[in-house]
Amino acid sequence: VSAEGVEVGLLRVGGTIVAFENVCPHQGGPVCQGEVLGRVEAVLDDQKRVVQERVADARPVVVCPWHGHTFDAATGECITDPRIHLRRWRAVERDGRICLAGRGQRPAAEGSDDAG
Amino acid sequence: MMPADPLHNAERIVRERGLDRTLIIDADVHHIAIIKFLGRFMDPPWRRMFEVLPVESLTPADPADRRSAGRIKRTPIPAPDGDDPQRAARVLVRDLARIGVDYSVLFADDMLTLSLHPDRRFQAALSRGYARWLTECILPHEPRIKGMLHLPMADPDAALALVEEFGGRTGVVGVQISLTGLDQFQAEPCAKVFAELEERGLALGFHSTEHWPRFPIFETFLGAHALSFPAFNAMCMINWIYSGLCDRFPRLRCVFFEAGAVWIPMLMARLDRVYRMRPPDGPRLRKRPSEYMREFFYTVQPLEQPERAAELRMMFARIGAAQVLYASDYPHWDFDMPHSLSRLSFLSASERAGVLAQNAIRAFALQPDSLSLGEWKRRPAVPGAADGA
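Residues numbered from 1 in each chain as written. Chains lettered and ligands numbered in written order. Predicted model: local features only at pLDDT ≥ 70, side-chain atom pairs only at ≥ 80, totals over all residues. Heavy atoms only, no water.

Caption draft 1: Examining the overall build of chain A more closely. In terms of regular secondary structure, chain A is built from 0 helices and 9 strands. Scanning chain A from its N terminus toward the C terminus, one meets helices and strands in the order β-β-β-β-β-β-β-β-β. Across chain A, the fraction of contacts at a sequence separation of at least 24, relative to all contacts at a separation of at least 6, is 42%. (Helix = DSSP H or I, 4+ residues; strand = E, 2+ residues; numbered from the N terminus. Contact = heavy atoms within 4.5 Å.)

Caption draft 2: Highlighting the overall build of chain B. When helices and strands are tallied, chain B shows 14 helices and 8 strands. The C-alpha extent of chain B, read off along each of the three principal axes, is 65 × 55 × 45 Å. For chain B, the proportion of its 389 residues judged to be buried stands at 60%. Across chain B, the fraction of contacts at a sequence separation of at least 24, relative to all contacts at a separation of at least 6, is 80%. As presented, chain B carries roughly 15,900 Å² of accessible surface, and 53% of it is formed by carbon and sulfur atoms. With 48 positive and 48 negative side-chain charges, chain B shows a spacing of 3 Å between the two charge centroids. (Buried < 20%, exposed > 50% of the residue type's maximum accessible area, 1.4 Å probe, protein only. Areas by Shrake-Rupley, 256 points an atom, 1.4 Å probe, with all protein chains shown as cover. Lys, Arg positive; Asp, Glu negative; His and termini not counted. Charge placed at Lys NZ, Arg CZ, Asp CG, Glu CD.)

Caption draft 3: Inspection of the environment of Q186 of chain B at higher detail. All names here are of chain B. Counting through the fold element by element, Q186 comes out in the loop between β4 (172–178) and α7 (187–200). Residues Q186 and S370, 184 residues apart in the sequence, show an inter-C-alpha distance of 37 Å. A distance of 3.1 Å separates a polar atom in the side chain of Q186 from the backbone oxygen of D183. (Polar contact = N/O pair within 3.5 Å; in protein donor to acceptor, adjacent residues only side chain to side chain.)

Caption draft 4: Representation of the sheet that holds strand β2 (residues 6–13) of chain A within the structure. All names here are of chain A. With antiparallel pairing, the 4 strands of this open sheet are ordered in space as β1-β2-β3-β7. Single-partner strands in this sheet number two, and they are β1 (2–3) and β7 (88–89). Pairing of strand β3 (residues 16–21) with β7, which is carried by 2 bridges, proceeds in the antiparallel orientation. Considered in β7, the bridge of F20 is made with R88. (Pairing = 2+ DSSP bridges.)

Caption draft 5: Focus on helix α4 (residues 87–98) of chain B. All names here are of chain B. The first and last C-alpha atoms of α4 sit 17 Å apart over 12 residues, in line with the 16 Å expected at 1.5 Å per residue. Three or more residues of α4 are buried, namely A88, A89, V91, L92, D95, L96, A97 and R98. In this structure, the buried residues of α4 make contact with α1 (10–16), β1 (25–31), β2 (103–108), α5 (120–138) and β3 (145–150). Where α4 ends, the next residue or the one after it, G100, has phi of about 105°, a positive value. (Expected span 1.5 Å × (residues − 1).)

Caption draft 6: Looking closely at a nonpolar patch on the surface. On the surface, V1, L10 and I98 of chain A cluster together to form a nonpolar patch covering roughly 230 Å² of accessible area. Inspection of the secondary structure puts I98 of chain A in strand β9 (residues 97–100). (Patch = residues over 30% accessible without salt bridge, like charges linked within 9 Å, V, L, I, M, F, W, Y side chains within 5 Å. Salt bridge = Lys/Arg side-chain N within 4 Å of Asp/Glu carboxyl O.)

Caption draft 7: Main features of the packing of helix α8 (residues 221–242) of chain B against helix α10 (residues 263–277) of chain B. Residue and element names in this part refer to chain B. Here α8 crosses α10 at 35°, and the two axes come no closer than 11 Å. Two packed elements cross with a definite hand, and for α8 against α10 that hand is right-handed. Between α8 and α10, the residues in contact are P230, N233, A234, M237, I238, I241 and Y242 and W263, L267, L271, V274 and Y275, respectively. For the contact of α8 with α10, the per-class residue count stands at 11 nonpolar, 1 polar and no charged. (Axes fitted to C-alpha atoms, helices over the stretch in contact; angles between N-to-C directions. Left-handed = near helix turned anticlockwise from the far one by under 90°. Nonpolar A, V, L, I, M, F, W, Y, C, P; charged D, E, K, R; others polar.)

Caption draft 8: Here's a closer look at the packing of aromatic side chains. Residues and elements named next belong to chain B. Enumeration according to the criterion identifies 20 aromatic pairs over all chains in this entry. Members of the aromatic cluster, joined through ring pairs, are F194, F206, W240, F249, F256, W263, F296 and Y298. Seen from the ring of Y103, R144 lies directly overhead, with NZ or CZ sitting 4.7 Å from the centre. (Phe/Tyr/Trp six-rings, centres within 6.5 Å; stacked < 30°, edge-to-face > 60°. Lys NZ or Arg CZ within 6 Å of the ring centre and 35° of its normal.)

Caption draft 9: Representation of unusual backbone geometry within the structure. For the peptide bond that leads from P44 of chain B to P45 of chain B, omega is 5°, which places it in the cis range. Inspection of the secondary structure puts P45 of chain B in the loop between α2 (35–38) and α3 (46–52). For the peptide bond that leads from Q301 of chain B to P302 of chain B, omega is -10°, which places it in the cis range. In this structure, P302 of chain B sits in the loop between β7 (297–299) and α12 (309–319). Despite not being glycine, D95 of chain A has its phi angle at roughly 55°, a positive value. Here D95 of chain A is to be found in the loop between β8 (91–94) and β9. With a phi close to 65°, D329 of chain B is a non-glycine residue in the positive phi region. We classify D329 of chain B as buried; its relative accessible area is 0%.

Caption draft 10: The arrangement of the interface of chain A and chain B in detail. Contacts between chain A and chain B engage 26 residues on the former and 33 residues on the latter. A buried area of about 2,300 Å², summed over both sides, lies between chain A and chain B, and 45% of it is on carbon and sulfur atoms. Counting across the interface, chain A meets chain B through 13 residue pairs in polar contact (both at pLDDT 80 or more). The residue makeup of the side of chain A that touches chain B, split by class, is 9 nonpolar, 11 polar and 6 charged. (Buried area = accessible area lost by both parts, 1.4 Å probe.)

Caption draft 11: Highlighting the packing of α5 of chain B against helix α6 (residues 156–166) of chain B. Residue and element names in this part refer to chain B. With their axes 10 Å apart at the nearest point, α5 and α6 run at an angle of 10° to one another. For the element pair α5 / α6, the angle class is roughly parallel. Here α5 contributes A124, S127, R128, A131, R132 and T135 to the contact with α6, which in turn contributes A158, L162, E165 and F166. (Parallel < 35°, antiparallel > 145°, perpendicular 65-115°, else oblique.)

Caption draft 12: Seen up close, the pattern of salt bridges. Applying the stated rule across the entire model yields 34 salt bridges over all chains. The residue R49 of chain A makes a salt bridge to D45 of chain A at a minimum N-O spacing of 2.9 Å. With relative accessibility at 47%, the residue R49 of chain A sits in the partly exposed group. When the shortest N-O distance is used, the salt bridge between R200 of chain B and E196 of chain B registers 2.7 Å. With R200 of chain B and E196 of chain B both in helix α7 and 4 residues apart, this pair spans about one turn of that helix. Residue classification places R200 of chain B among the partly exposed residues on the basis of a relative accessible area of 35%.

Right, dumping it as structure tokens:
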């Protein structure tokens with residue numbers, strides 16, 4: 001959807017609507033058009049041997065289709081670097097309609113003009 | 001599932017960052033999966049082989065999943081077809097314009113692993129077929145694409161003949177050696193090829209790649225990909241320098257492709273250290289290895305994002321910003337947008353113009369007067385448009 005001239009992607013995560021700007025902090029890819037998937041995690045046994053690699057559907061992530069950078073779908077936090085976030089909007093669902101109430105903060109460091 | 005438009009956001013970024021007013025030359029873009037089509041450009045009897053056999057059985061395969069199980073969406077570049085052999089190139093030029101590129105230096109994916117083929121005659125035959133297709137079907141019709149031939153270095157005579165036949169054709173700016181077959185590349189038998197390239201003013205590209213089976217020590221694609229690109233470039237560069245080829249061919253412009261930037265200062269420091277300790281082992285050198293390295297050109301895609309911004313500034317200072325070329329590597333999964341370089345705040349305005357275009361003009365001996373901004377950059381932006389042009 002478009003809000004104040006900005007493209008915002010809406011995701012439903014665990015019954016809650018979350019909204020992020022459709023710009024990946026890495027190189028600007030249309031992150032909200034990527035796949036929403038469970039994150040892949042390794043399972044260890046009591047002797048710290050890997051017994052399984054599984055998809056944890058309860059903790060979905062959204063994956064930028066340009067380079068694969070991956071963000072927690074509920075919070076927008078980059079799962080490999082918590083300093084990096086998608087820019088989040090506050091979304092409120094009311095009477096079957098979704099209201100976007102306020103622009104989020106600028107994403108953290110990665111890909112900023114200050115790089116270097 | 002593909003997104004509705006895999007390059008969504010690209011044009012807007014180019015406009016927002018003012019790159020629509022800046023000439024951009026992309027030193028490294030790729031044809032995808034053209035090999036099946038190339039059979040018709042090969043000499044008999046090779047041509048028949050392509051007509052009757054599955055192409056997959058003719059070329060060395062790499063088991064890596066570059067699309068990350070579909071998480072990464074590649075823009076589909078159509079394979080060439082017989083009815084419209086320029087179609088794939090047109091799509092490529094259109095897509096590159098959307099990421100802000102005005103001119104591109106093109107090379108074929110399939111050539112990157114050709115040097116692994118055990119039959120040297122096949123390497124030479126397919127290199128020749130590619131040169132024929134590139135110079136007949138692409139370069140004369142697409143002035144915004146410049147091309148590099150593939151040199152079959154396992155057969156220096158065939159490589160020399162290829163340069164002599166195709167090196168002067170429209171749009172050819174250089175040749176590439178695929179470093180997957182580095183062990184076939186011997187300095188002395190190949191010296192006559194380098195002499196011919198220098199005489200003709202053609203650039204010599206060393207194209208790194210990842211080919212997982214060449215690094216079976218790695219259990220994951222992550223490991224193979226992270227190390228193989230800089231490793232191939234570094235191994236080739238070490239041999240090139242210690243063979244004394246820099247001084248033997250001082251006018252030959254060498255370009256090292258696609259290994260990021262971090263490896264370059266590391267190798268400079270390592271090579272200088274051992275050279276100081278054992279100068280008798282490098283009798284063909286007239287200066288420190290790092291001094292030769294500062295004469296090479298580098299495409300630094302995929303550019304690393306180190307923990308501290310100052311590290312990147314140090315790397316560019318060591319390499320020399322004038323030696324760095326922007327390259328997208330499009331449409332590969334780890335492609336870089338032009339602002340991956342233009343946003344570096346430590347670059348001066350002239351250095352920024354250099355990495356985006358002017359350094360490539362020097363590296364590939366392009367004629368500046370013949371270059372212009374792409375068509376869409378010359379159109380006014382549409383106010384409020386979500387995605388620029």
